[in-house]
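One-letter residues, chain by chain:
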Amino acid sequence: MTKKDIEYFRNWFSDFCRSFYTDNQEDLKNIRLKEIHTFKVCENILRIAKSLNLEEEKTLIAETVALFHDIGRFPQYQKYKTFRDSESVNHGILGAETLKKTKVLDRLNEPDKRIIEKSVMFHNAFSIPKLEDRITLLFIKLVRDADKLDIWRVFLDYFECPVESRANAITLGLPDTPEYSKEVIEHIFRKETAPHLEVKTVNDFKLLQLSWIFDLNFAPSIEIMKERDYVNRLISHLPQTKEIQEVKNFIDKHIIRL
Ligand SMILES: [Fe+2]
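Basis of the calculations
- Residues numbered from 1 in each chain as written.
- Predicted model: local features only at pLDDT ≥ 70, side-chain atom pairs only at ≥ 80, totals over all residues.
- Heavy atoms only, no water.
- 1 Å grid on protein atoms, 1.4 Å probe; cavity = no way out; pocket = protein on both sides within 12 Å on 5 of 7 lines; lining within 4 Å.
- Points joined across faces, edges and corners; volume = space filled by probe spheres on them.
- Helix = DSSP H or I, 4+ residues; strand = E, 2+ residues; numbered from the N terminus.
- Nonpolar A, V, L, I, M, F, W, Y, C, P; charged D, E, K, R; others polar.
- Domains from an automatic or database assignment.
- Contact = heavy atoms within 4.5 Å.
- Buried area = accessible area lost by both parts, 1.4 Å probe.
- Core = buried A, V, L, I, M, F, W, Y, C linked by side-chain atoms within 4.5 Å.
- Buried < 20%, exposed > 50% of the residue type's maximum accessible area, 1.4 Å probe, protein only.

Visitor: Looking at this structure, how should I read the layout of surface pockets?
Guide: Rolling a probe over the atoms, with the probe sized like a water molecule, indicates the empty space that remains. Put simply, the largest pocket is a space of about 970 Å³. Around the largest pocket, the lining is made up of 36 residues, and of these Arg73, His91, Asn124, His196 and Trp212 lie nearest the centre. When residues of the lining of the largest pocket are traced back to their parent elements, those giving at least two are helix 2 (25-51), helix 7 (134-159) and helix 9 (202-211). Among the elements that line the lining of the largest pocket, the one with the most residues is helix 7, at 6 residues. A per-class count over the lining of the largest pocket returns 18 nonpolar, 9 polar and 9 charged. The two domains that each donate at least three residues to the lining of the largest pocket are domain 1 (3-147) and domain 2 (174-256).

Visitor: Where do I start with the domain arrangement of the protein in this structure?
Guide: How big an interface is tends to be reported as the loss of accessible area on association of its parts. For the protein, the assigned domains read domain 1 (3-147) and domain 2 (174-256). A C-alpha centroid distance of 25 Å is found between domain 1 and domain 2. Every contact between the two is made by 13 residues of domain 1 and, on the other side, 14 residues of domain 2. Summing both partners gives a buried area of about 1100 Å² for domain 1 against domain 2, and 54% of it is carried by carbon and sulfur. Contact with domain 2 buries surface across domain 1, with Arg47, Phe126 and Asp145 losing the most and accounting together for 46% of the total.

Visitor: For this particular structure, what's the right way to read the nonpolar core?
Guide: Where a protein is soluble and globular, its nonpolar side chains tend to be buried together. Counting residues in each nonpolar core, the largest one holds 77 residues, and the members touching the most others are Phe68, Leu142, Trp152, Leu207, Leu210 and Met225. Here this core takes 12 residues from helix 7, the largest share from any one element. There are two domains that each give this core at least three residues, and those are domain 1 (3-147) and domain 2 (174-256). Setting aside anything within four residues of it in sequence, one finds Phe68 in contact with Phe9, Trp12, Phe13, Leu99, Val104, Leu105 and Val120.

See below:
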């Protein structure tokens, strides 16, 4: 793969996004959100790749994976008007299908094509799949980190901006009530990522996002997470109870050691 290919993909993706623009302002906000998210995930993956001294060809593939990782979000939202996979489709699988259907990757050789399709397919899987192919695993890990680093930004922006400019699909239609589930907190204390199924409220979703710190794969990702102060910012939007304080202390201790 060459620089020409990535330029072609960037232009192709912009046209693809534009084809989903609509006069409905709410829907447009949600579509634009995913488009901007994609560019930020590309920036994140390039930064991680640079810190890891990844060679040029691999860096080009990494950027392509980031560019297409959420391509399934667009047809998903168009059809179901939600980003909630459990109420619609798995957007990673839909993404891989969309890549095949549009034939956008046909200019690449077969191995590169397969690596990108698989990375898109598994970028949102609950855990990293047990694949033999170590090179595909590298890109899956890279995109999962780059994606999480930007989901935290999107999510925090939502809480830190005026109500009228919020894109409603971010909180997945969950009730924004003061409750949070003990089960989700338990996962954090076990240093596990919490499953989406256990998320019942917006607060649970904030806790689930905190649990993602246990799923970062590369040291530069942890650096970026610290630099952007994601943990403190997420905690500040949760009820200030003794339990949440314990969660904060636990995570702080964990991060200090990294
Ligand atoms: Fe994403």
